[in-house]
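So you can see what is in the structure, the chains are spelled out below.
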Amino acid sequence: TWPSYRVPVILPQSTLNLDKPRFDAETKLEVVSPCGPECHKSSPLPTYEEVKDYLSYETLYANGSLTETEVGIYILNNGGEGSRGKSRTKRQIYGYDSRFSIFGKDFLLNYPFSTSVKLSTGCTGTLVAEKHVLTAAHCIHDGKSYVKGAQKLRVGFLRPKLKDGSKGANISSSAMPEKMKFQWIRVKRTHVPKGWIKGNANDIGMDYDYALLELKKPHKRKFMKIGVSPPARHLPGGRIHFSGYDNDRPGNLVYRFCDVKDETYDLLYQQCDAQPGASGSGVYVRMWKRQNHKWERKIIGIFSGHQWVDMNGTPQDFNVAVRITPLKYAQICYWIKGNYLDCREG
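Residues numbered from 1 in each chain as written. Predicted model: local features only at pLDDT ≥ 70, side-chain atom pairs only at ≥ 80, totals over all residues. Heavy atoms only, no water.

**Considering a positive patch on the surface**
A surface patch of positive charge is lined by Lys152, Arg154, Arg186 and Lys216. As for its position among the elements, Arg186 is in strand β9 (residues 180–193). (Patch = residues over 30% accessible without salt bridge, like charges linked within 9 Å, V, L, I, M, F, W, Y side chains within 5 Å. Areas by Shrake-Rupley, 256 points an atom, 1.4 Å probe, with all protein chains shown as cover. Salt bridge = Lys/Arg side-chain N within 4 Å of Asp/Glu carboxyl O. Lys, Arg positive; Asp, Glu negative; His and termini not counted. Charge placed at Lys NZ, Arg CZ, Asp CG, Glu CD. Helix = DSSP H or I, 4+ residues; strand = E, 2+ residues; numbered from the N terminus.)

Set out below in structure tokens:
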């Protein structure tokens, strides 16, 4: 069952104009960090002032202008915790665990696969509102500078190719069965939290590897809501799912699911098979929504990428996803809705 969380309120306090960025960073599709689960667990908790600083954000506009917004964090005491209930759900047993290329427009154009989109910088994103796409911050900004393609960022939607095959066929038909093509929509503005820009992936930065893109026009597809990430033990079967455009299978949408191996407050560690290009994918689970009496999928994290971790002298590799904590939920929800009243429950 989806737990109820009391979500804090994050509100802009002041916005100032920054110099136009240079867009000179190379896009890195993988973030490699030596700080593993134990390292993250042992790092001191940030202070209130530090969290406020990390959740302040930069907004990049299509015309190249850039602003920085400082935020305030408030805890409202009205409304209870909501009933947690028992979170025992019947486990579904799968035969094996691997990546599946999703073929055929019947699958690709249907929910939840239809919520996965491709970024022109090479990453994946997920539709989370009528005009908004959630992705990884490193797809747009390397921690120091915006990447080369960030100013003219576009989002690609897989669509069936028209019969004559000539309109906008910018991908070789041999790479894609069922004659699919990408239709691209320009991005109007991009939000990146300062926790990513100030830090870098070896430090606190990995905790803030997420960004929200606002499209110039609505995409008219069903989207997936975001939710606060429950503890791994509350996930159905301890599993997560995500679909992305892994770059070893060009033009294919690749779906996978796997068990969560470890977690910190901000990160989920798992060993899902994934290649660069899948970073930025929305990590989701399907749980029972008691209020609506129905099953509901929600995005609870953003796939960040690959991590080599030195575990007592032996290197071990994990794939890392950034968890949507109550604070991040409040921030991303505010970016989407523009008011905090619609963001009170995760």
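Text resumes after the structure shown.
**Regarding the packing of aromatic side chains**
Counted by the stated rule, this structure contains 12 aromatic pairs. A centroid spacing of 6.3 Å and a plane angle of 40° characterise the contact between Tyr210 and Trp335, whose relative ring orientation is tilted. With Tyr210 in the loop between α4 (194–198) and β10 (211–215) and Trp335 in helix α5 (residues 326–337), this pair connects stretches of sequence that are 125 residues apart. Trp335 carries the same exposure label as Tyr210, and that label is buried. Ring plane angle 75° and centroid distance 5.5 Å describe the contact between Tyr269 and Phe318, whose orientation is recorded as edge-to-face. (Phe/Tyr/Trp six-rings, centres within 6.5 Å; stacked < 30°, edge-to-face > 60°. Buried < 20%, exposed > 50% of the residue type's maximum accessible area, 1.4 Å probe, protein only.)

**Notes on the state of the cysteines**
Under the criterion given, the structure shown has 3 disulfides. Here Cys123 engages in a disulfide with Cys139; their sulfurs sit 2.2 Å apart. In this structure, the disulfide formed by Cys123 and Cys139 twists by about -95° around the S-S bond and is classed as left-handed. Placement of Cys123 in the loop between β5 (116–119) and β6 (124–127) and of Cys139 in the loop between β7 (132–135) and β8 (154–160) is noted, with a sequence separation of 16 residues between them. You'll find Cys123 and Cys139 in the same group, each marked buried. (Disulfide = S-S within 2.5 Å.)

**Section: helix α2 (residues 48–55)**
Because an α-helix packs 3.6 residues into every turn, residues spaced three or four apart end up facing the same way. Buried residues of α2: Val51, Tyr54 and Leu55, and no others. End-on view of α2: buried residues confined to an arc of 90°, all on one side of the axis. Where α2 is buried, its residues contact β1 (9–18), β2 (57–61), β3 (66–74), β9, α4 and α5. (Arc of directions from axis to C-beta. Contact = heavy atoms within 4.5 Å.)

**Focus on the pattern of salt bridges**
Tallying each qualifying case throughout the model produces 13 salt bridges. Between Glu214 and Lys188 there is a salt bridge whose closest N-O contact spans 3.6 Å. On the criterion of sequence distance, the pair formed by Glu214 in strand β10 and Lys188 in strand β9 is long-range, its members being 26 residues apart. A relative accessible area of 8% means that Glu214 is categorised as buried. Three or more residues are tied together by salt bridges with common partners; here these are Glu38, Lys41 and Asp262.

**Description of the environment of Pro231**
Residue position: Pro231 is located in the loop between β11 (225–226) and β12 (239–244). Accessibility expressed as a relative area gives 19% for Pro231, which makes it buried. For the pair Pro231 and Tyr265, spaced 34 residues apart in the sequence, the C-alpha separation amounts to 8.8 Å. When sequence neighbours within four positions are dropped, the list of residues in contact with Pro231 reads Tyr5, Glu263 and Arg323.

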